[in-house]
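# Summary of the model geometry
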Amino acid sequence: ITDSGKALIYDFTGTSDGFYSGEQDIEYLKEKANLKSIEIVLPSHYHDDHVAGFNILKEKYGAQVWCHESFSDVIENPSFYNIPCLYEHPVTVDRVLKENEVFTWEGYTFTVFHYPGQTEYHQGMFGVIDGKKILFSGDSVISMEGGLMRGENFNCRNYCRLENSEGYLR
């Protein structure tokens, strides 16, 4: 959230059937962090717990969905895919981001890239915010005590390739 109250959101959950909705978080951010508008929402990957609130953000707040080219089709056409944790409702992608595309928003510069981890259909995003280098990784990397990082949750049922640069399985 910028000083002027504009927001860029990375992943957002929500449902229309009475289960948890990230909308309560939006209300909290309006009250505590000066949130005035939501301009962009980006998914780390296609899983329902990361994208189920995107249509709410589009319809209610006017947000645009920007998605890496590696899985924009999954988000827009979920019925074409037989993969787990798939959000069943199509989400229109307003901007397809290319591999290593750099974009600037409100004075911040971000780079998006294919980042397979928990699933093949995954993007990472790197940026510098208030002088701090930030990696947005979805569920692929977690922070541990002492500031160490480790890979998280490689799951072949989510269609994740296990190969090295020569194409051989490890």
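The coordinates are above.
Let me sum up the structure you'll find in this document. What you are looking at is a predicted structure, and each value in this text was computed from that prediction instead of being measured.

Reading the values: the criteria
Residues numbered from 1 in each chain as written. Predicted model: local features only at pLDDT ≥ 70, side-chain atom pairs only at ≥ 80, totals over all residues. Heavy atoms only, no water. Pairing = 2+ DSSP bridges. Helix = DSSP H or I, 4+ residues; strand = E, 2+ residues; numbered from the N terminus. Axes fitted to C-alpha atoms, helices over the stretch in contact; angles between N-to-C directions. Contact = heavy atoms within 4.5 Å. Salt bridge = Lys/Arg side-chain N within 4 Å of Asp/Glu carboxyl O. Buried < 20%, exposed > 50% of the residue type's maximum accessible area, 1.4 Å probe, protein only.

## Side note on the sheet that holds strand β4 (residues 95–97)
Here four strands make up an open sheet; going across it, the order is β1-β2-β3-β4 and the pairing parallel. Two strands bound the open sheet, and with one partner strand each, they are β1 (6–10) and β4. Shown here is a sheet whose adjacent strand axes are inclined to one another by a mean of 25°, direction ignored. Relative to strand β3 (residues 64–68), strand β2 (residues 37–42) runs parallel, the two being bridged by two bridges. Residue pairing across strands places valine 41 opposite valine 65, the latter belonging to β3. Together, β1, β2 and β3 form the strand contacts of helix α3 (residues 54–61), whose direction differs from that of β2 by roughly 150°.

## A word on the pattern of salt bridges
The final tally for this structure, using the stated rule, is seven salt bridges. For lysine 30, the salt bridge goes to glutamate 27, with nearest N and O atoms at 3.5 Å. Here lysine 30 and its partner glutamate 27 are both found in helix α1 (residues 23–32), three residues apart, which amounts to about one turn of the helix. With relative accessibility at 41%, the residue glutamate 27 sits in the partly exposed group. With a shortest N-O distance of 2.5 Å, arginine 95 and glutamate 101 are connected by a salt bridge.

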